[in-house]
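These are the residues of each chain, in order.
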Amino acid sequence: MEDNEPISLEELDGNYDEEDDEQTEHHVVENFEVQNENSVVDVLKSKLLVGTVVNSVEDAYLLYCQYAHAKGFSVRKGDQRCFSHTNELQSKEFICSCEGSKDERNSSKRILIYQKLITRTNCKAKLKITREKESEWRVSRFVEEHNHEMFASDQNHLLRSARNISHAKKSTLEAMVNAGISVSNVVSFMEHEACGIENLGFIRKDAYDHMSRLKKHTKVENGDATALIKYFIDKANKENYFYWNVQLDDDDRLMNFFFRDYRCAVDYEFFGDVLSIDTTYKTNKYNLICAPFVGINHHMQNVMFGLAFMSDETESSFEWLFTTFLDSMNGKQPQTIFSDQCQAMMNAIETVFPDSHHRLCQWHINQNAPSHFGSLNGDSNFKKLWYKCMNCCETEYEFEATWKYMIDTYNLDGHKWLNGMYKIRKKWATAFSNGKFSAGLLATSRSEVTNKVLKNTGNKMSSLYEFVLNYTKIQKNWRSKEKTEDTRCRHGKPPQILKNHPLLIHAADVYTISVYQLFEIELVNSLNCKSLEPPACFGNDWNWIQIKVKSHDENSMVRHVVFNKKSHEIKCSCCKFETMGILCKHVLMVFNCMDVNVIPKCYILRRWMKNIKSRVSTDLQESGSGGDGGAHVSQMEFVNQIMRSVYDLSQLSKPYECARKTLYTLVYTAKDEISNLVQNLSINEQCDDDPSEDEIGEVCIRNPLTAKAKGITNANITRHWDRTSKKGKGKRKGKAEISRKKKGQCSEDGNKTREINFIQSLSQNQFASPQFPSVSGHNDQMQYSSETVGYTNFFEASQINLPSYSFGAPPTSQGHQGFGHEN
């Protein structure tokens, strides 16, 4: 058959198979895609020819990027030239990312673990635009030849100039990461929403780089202490009743600080009768002491009243802290304060809180006691007497008798630790606090639970600013749980173990679920109580009767209950209501016998009621009525509502092409109209939530020194790699080993020693005119006080006023408020 002879249909059918069909179809698709890409490149190329007019430098860059991405290379911004004696651009170049070559002269000779790939091939492709003065931009040079391979069409999303995280995606990424979701999971979610990584617009590395830059910018810029002060100023401008106070030393170095928001003040107003303070926790790189102020809300949950950091545990520092806390809470003192056994704190509490009952943590005492008991630790009778002195004595007389019997029996008259504990017996023995309200607490366990939660959010490398941000997240989480419990209590009632019991029905109506459960336990236990004698008259009033109540348990104590048959007043010798605020089982047994079907109003403690405060009004006040705070919250609500609405519209129109086109048209039309509207608005009409750099630029606070832990000496600080650090035993370094160090060499411990000695020298030195500026923020007024040297600054909600630091104030009568370690 000749070459030009046509092929018959039979021969064509005989040579045809499925494999040839697939290859033919594949080649057709490939050719179509190539032709489509080439047509796009040709269209964009026609807009970049020499002499073509472009609107601006940005338009030229975007046009060249579109051309580059369609062809398969990335773009960098190159050289630029300005008109003489001006900063006005005359020419601008955009070059291929492979332009130039690696500079071998500045490269390291060492073999690095991570080395960047060499991508520069000295490519000459570029776009140059120029203009004459007061004229339009034109393309003056366009080089399209490359000396390297182009990216394939399915790899264009990897081009550097094609990757960009939009503002909306940045907001989503930051919000989800701040909520505790890992960057990897967030990117996976966004890839799924975009139907593939090629449609996302950026890669995982870009997301990690963005979060890293954000963290560096917000938490390191201008120093840790300065960033913290700026954060307080910003919060004070957004929240009308945000309170903060900072104490500095002579060198403008941060010593102590305290802050609380408006919600803390509201919670303290309702639940500030019991306060727990624990300063045994340190979780930052400066080794500062974390002091959370913790209480109990009406759901038996932890509630925060404020947070403080201290550089030392001296009496003057505690006095400053407690005075600041009291000032932030309008001078309201708690009924009972729990703390650890720190003498400086005890002295400060007696000075600042004279009307409060101070109690020491029994858990800390019991943990410390065995180290002083010695051989008595194996004596069970001694342990029973010690436990009875702590918890089981009802009266002071019973405590004194039990204590004297324990001391005489075991001949402990000269025991130093027990004698010291006897002097402060009113702070730890329950016999001296039966009539004092404590919400059932015997220890600072509430603060310790808080410390455990804070420990999970910070470590020894955490900055102060980072720790404060983590603290606010914990606070929001706790308040969310409280709001959930409020909703459950308002819209439901707990199941009753005794159906149709009038006292339980009344308790379920007034108490929260958690308190009701405690009340129900007492009512059930009252069924296990009995009256030993018939009721007898009490006093001269025939309405008062006395009943002796005892549980069926043989070891239980006899309780004396006094009851008024007319007014239903009642009192039990166990004092459970006085200390816990809930009626005891002995009282409830008497109520059942006397046919009392309703809990008397005087025995329903307001702090345990489900309707103690209205969360709706609290939230409105917290957001602020007018001013910057309300505007800030309303803007956030507006953004969330718009994002949800647009997302719902996109999901609704996704299956239909006409609906998608309509949505596109509406969105782009709205974008143009809003852009024109915003441009026409004056600067005074724009909402600016953040303070300007000029307003806060004067703040310059130095980071705190590394605080010295209690009980650690300056000499022979054990290094973490030493063998003795694990077992706590071993030989110390000898002089010969220490002397091997080169002259002038300074170890890490040496630096710490100098810092600690510097603190101690300041605390031990007697200044003629001590100056300790106290910077505080409060949205009421600005005042200068002679009681604290320096100044006290109160910020208004609508503006920021930062006076310059003044160190010329007269000395205080209290002498030097040292910030060194207490020796």
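Cut-offs applied
- Residues numbered from 1 in each chain as written.
- Predicted model: local features only at pLDDT ≥ 70, side-chain atom pairs only at ≥ 80, totals over all residues.
- Heavy atoms only, no water.
- Helix = DSSP H or I, 4+ residues; strand = E, 2+ residues; numbered from the N terminus.
- Buried < 20%, exposed > 50% of the residue type's maximum accessible area, 1.4 Å probe, protein only.
- Contact = heavy atoms within 4.5 Å.
- Areas by Shrake-Rupley, 256 points an atom, 1.4 Å probe, with all protein chains shown as cover.
- Axes fitted to C-alpha atoms, helices over the stretch in contact; angles between N-to-C directions.
- Parallel < 35°, antiparallel > 145°, perpendicular 65-115°, else oblique.
- Left-handed = near helix turned anticlockwise from the far one by under 90°.
- Nonpolar A, V, L, I, M, F, W, Y, C, P; charged D, E, K, R; others polar.
- Pairing = 2+ DSSP bridges.
- Core = buried A, V, L, I, M, F, W, Y, C linked by side-chain atoms within 4.5 Å.
- Expected span 1.5 Å × (residues − 1).
- Patch = residues over 30% accessible without salt bridge, like charges linked within 9 Å, V, L, I, M, F, W, Y side chains within 5 Å.
- Salt bridge = Lys/Arg side-chain N within 4 Å of Asp/Glu carboxyl O.
- pLDDT = per-residue confidence, 0-100.

**Description of the overall build of the protein**
So, step 1. In terms of regular secondary structure, the protein is built from 28 helices and 18 strands.
So, step 2. Going through the 823 residues of the protein one by one, you find that 43% of them count as buried.
So, step 3. Long-range pairs, those at least 24 residues apart, make up 63% of the contacts in the protein between residues at least 6 apart in sequence.
So, step 4. For the protein, the accessible area works out to roughly 47,400 Å², and carbon and sulfur atoms hold 51% of it.

**As for the packing of helix α13 (residues 380-392) against helix α14 (residues 396-409)**
So, step 1. Interhelical geometry of α13 versus α14 gives an angle of 160° and a closest axis separation of 10 Å. Here α13 lies roughly antiparallel to α14, going by the angle between them. Here the hand of the crossing between α13 and α14 comes out left-handed. Note on element contacts: α14 touches α13 through E398, F399, T402, W403, Y405 and M406, opposite F382, L385, W386, K388, C389 and C392.
So, step 2. Looking at the contact of α13 with α14 residue by residue, the classes come out as nine nonpolar, one polar and two charged.

**Points about the side chain of S438**
So, step 1. The topology assignment puts S438 in the loop between α15 (416-423) and α16 (445-457).
So, step 2. For S438, the contacting residues outside a window of four places in its chain are V274, T336, F338, R359 and T579.

**Some remarks on the packing of helix α7 (residues 224-238) against helix α17 (residues 464-490)**
So, step 1. Taken N-terminus to C-terminus, the directions of α7 and α17 make an angle of 35°; their axes are 8 Å apart at the nearest point. Seen from α7, the contacting residues are D224, A227, L228 and Y231; seen from α17, they are L464, Y465, V468, L469 and T472.
So, step 2. Split into classes, the residues belonging to the contact of α7 with α17 amount to seven nonpolar, one polar and one charged.

**Considering unusual backbone geometry**
So, step 1. A positive phi angle, close to 65°, is found at H568, a residue other than glycine.
So, step 2. With respect to the helices, strands and loops of the structure, H568 is situated in the loop between β16 (559-564) and β17 (570-572).
So, step 3. The backbone phi angle of D595 is positive, close to 60°, even though this residue is not glycine.
So, step 4. Structurally, the position occupied by D595 is in the loop between α21 (585-593) and α22 (615-623).

**A few points about the pairing of strand β10 (residues 302-310)**
So, step 1. With respect to burial, β10 is a largely interior element, nine of its nine residues being buried.
So, step 2. The pairing of strand β7 (residues 254-260) with β10 spans three bridges and is classified as antiparallel. Of the residues in β10, the one forming a bridge with F259 is L307.
So, step 3. In this sheet, β10 lies alongside strand β9 (residues 289-296) in antiparallel orientation, the contact comprising eight bridges. Bridged to F293 within β10 is G306.
So, step 4. Between β9 and β10, which pair antiparallel and follow one another directly, the connecting turn spans five residues, one of which, M300, has a positive phi of 60°.

**Points about the nonpolar core**
So, step 1. One finds Y511, F591 and I599 to be the most contacted residues of the largest nonpolar core, which totals 42 residues.
So, step 2. Of all the secondary-structure elements, those providing two or more residues to this core are α18 (502-510), α19 (513-526), β15 (544-551), β16, β17, α20 (576-580) and α21.
So, step 3. If sequence neighbours within four positions are ignored, Y511 has contacts with Y516, F519, I599, Y603, I604, W608 and K610.
So, step 4. Of all hydrophobic cores here, the second largest spans 32 residues; its members include Y268, F270, A291 and A348.

**Remarks on helix α9 (residues 315-328)**
So, step 1. Over its 14 residues, α9 extends 20 Å from the first C-alpha to the last, a length consistent with the 20 Å expected when each residue adds 1.5 Å.
So, step 2. Within α9 the residues assigned to the buried category are S317, F318, W320, L321, F322, T324, F325, L326 and S328.
So, step 3. N330, located one to two residues past α9, shows a positive phi value of around 60°.

**With respect to the sheet that holds strand β2 (residues 75-82)**
So, step 1. One open sheet holds the five strands; their spatial order is β1-β5-β4-β3-β2, and the pairing between them is antiparallel. This sheet does not close on itself; its edge strands, each paired only once, are β1 (53-54) and β2.
So, step 2. For strand β4 (residues 126-130) and strand β5 (residues 137-143), the ladder comprises five bridges, and the chain directions are antiparallel. Pairing of I129 across the sheet is with V139, part of β5.
So, step 3. Relative to strand β3 (residues 89-96), helix α3 (residues 57-71) is tilted by about 15°, and along the sheet it contacts β1, β2, β3, β4 and β5.

**As for a nonpolar patch on the surface**
So, step 1. Residues I674, L677, V678 and L681 make up a contiguous nonpolar surface patch of about 340 Å² in total accessible area.
So, step 2. With respect to the helices and strands, L677 occurs in helix α24 (residues 657-680).
So, step 3. Taking relative accessible area as the criterion, L677 reaches 52% and is therefore assigned exposed.

**Topic: the confidence of the model for the protein**
Detailed reading of predicted coordinates is not advised where the pLDDT is low.
So, step 1. When pLDDT is averaged across the protein, the result is 74; 69% of the residues are at 70 or more.
So, step 2. Here residues 615-633 is modelled with pLDDT under 50, and outside its nearest four sequence neighbours on either side it reaches 31 contacts, counting other chains as well.

**Notes on the pairing of β4**
So, step 1. Inspection of the sheet shows β3 paired to β4 by five bridges, in the antiparallel sense. Paired with S91 across the two strands is T130, which belongs to β4.
So, step 2. As consecutive antiparallel partners, β4 and β5 are separated by six residues, and within that stretch E134 has a phi angle of approximately 60°, a positive value.

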